[in-house]
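# Structural features, examined
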Amino acid sequence: MRIDDDGNMELTAEENQSLMDQLDIAAVDYDDPPVEIECLGMNEDAATFKATNTQTGKTVELVFDLITS
């Protein structure tokens, strides 16, 4: 995962598929998935997000290592 210059989250194909599977998103909804993502916090080592399926209320927590240059 990376954040682009506009602040948008960009997932790899594998990360995106894993998220869709974890949130039980149907393949027909992949083009416009009912997903809301909220940043829960960041520290020196990681950024934590909560992803929610807005149709079912199912949530998963995503933790990504921070890479600094």
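Preceding this section is the structure that the text describes.
Keep in mind it's a predicted model, so treat the numbers as computed, not measured.

So, about the sheet that holds strand β4 (residues 46-53). Strand order in the open sheet formed by three strands is β3-β4-β5, and the pairing between neighbours is antiparallel. Each edge of the open sheet carries a strand with a single partner, namely β3 (35-42) and β5 (59-65). Taken over all neighbouring pairs, the strand axes of this sheet differ in orientation by 25° on average, direction set aside. Relative to β5, β4 runs antiparallel, the two sharing seven bridges.

To continue, consider the nonpolar core. Leu19, Met20, Leu23, Ile25, Ala47, Phe49, Ala51, Val60, Leu62 and Phe64 form the largest nonpolar core, which has 10 residues in total. Of all the elements in the fold, those that place two or more residues in this core are α1 (13-22), β4 and β5.

Let's shift gears to the pattern of salt bridges. Under the counting rule described, the total for this entry stands at two salt bridges. A salt bridge links Asp24 to Lys58, with the shortest nitrogen-to-oxygen separation between them at 3.1 Å. Separated by 34 residues along the polypeptide, Asp24 in the loop between α1 and β3 and Lys58 in the loop between β4 and β5 bring together distant segments of the chain. Here Asp24 falls in the exposed class, since its relative accessible area comes to 54%. For Glu38, the salt bridge goes to Lys50, with nearest N and O atoms at 3.8 Å. Pair noted here: Glu38 is in strand β3 and Lys50 is in strand β4, with a separation of 12 residues, a long-range link. Judged by relative accessible area, which is 38%, Glu38 ranks as partly exposed. A relative accessible area of 31% means that Lys50 is categorised as partly exposed.

What follows deals with the pairing of β3. Across seven bridges, β3 lies against β4 in antiparallel orientation. The residue bridging Val35 from the neighbouring strand is Asn53, located in β4. Connecting the antiparallel pair β3 and β4 is a turn made up of three residues.

What follows covers the side chain of Thr48. Tracing the sequence through the fold places Thr48 in strand β4. Setting aside its immediate chain neighbours within four residues, Thr48 contacts Glu38, Cys39, Leu40, Gly41, Glu61, Leu62 and Val63.

What counts and what doesn't
Residues numbered from 1 in each chain as written. Predicted model: local features only at pLDDT ≥ 70, side-chain atom pairs only at ≥ 80, totals over all residues. Heavy atoms only, no water. Pairing = 2+ DSSP bridges. Helix = DSSP H or I, 4+ residues; strand = E, 2+ residues; numbered from the N terminus. Axes fitted to C-alpha atoms, helices over the stretch in contact; angles between N-to-C directions. Core = buried A, V, L, I, M, F, W, Y, C linked by side-chain atoms within 4.5 Å. Buried < 20%, exposed > 50% of the residue type's maximum accessible area, 1.4 Å probe, protein only. Salt bridge = Lys/Arg side-chain N within 4 Å of Asp/Glu carboxyl O. Contact = heavy atoms within 4.5 Å.

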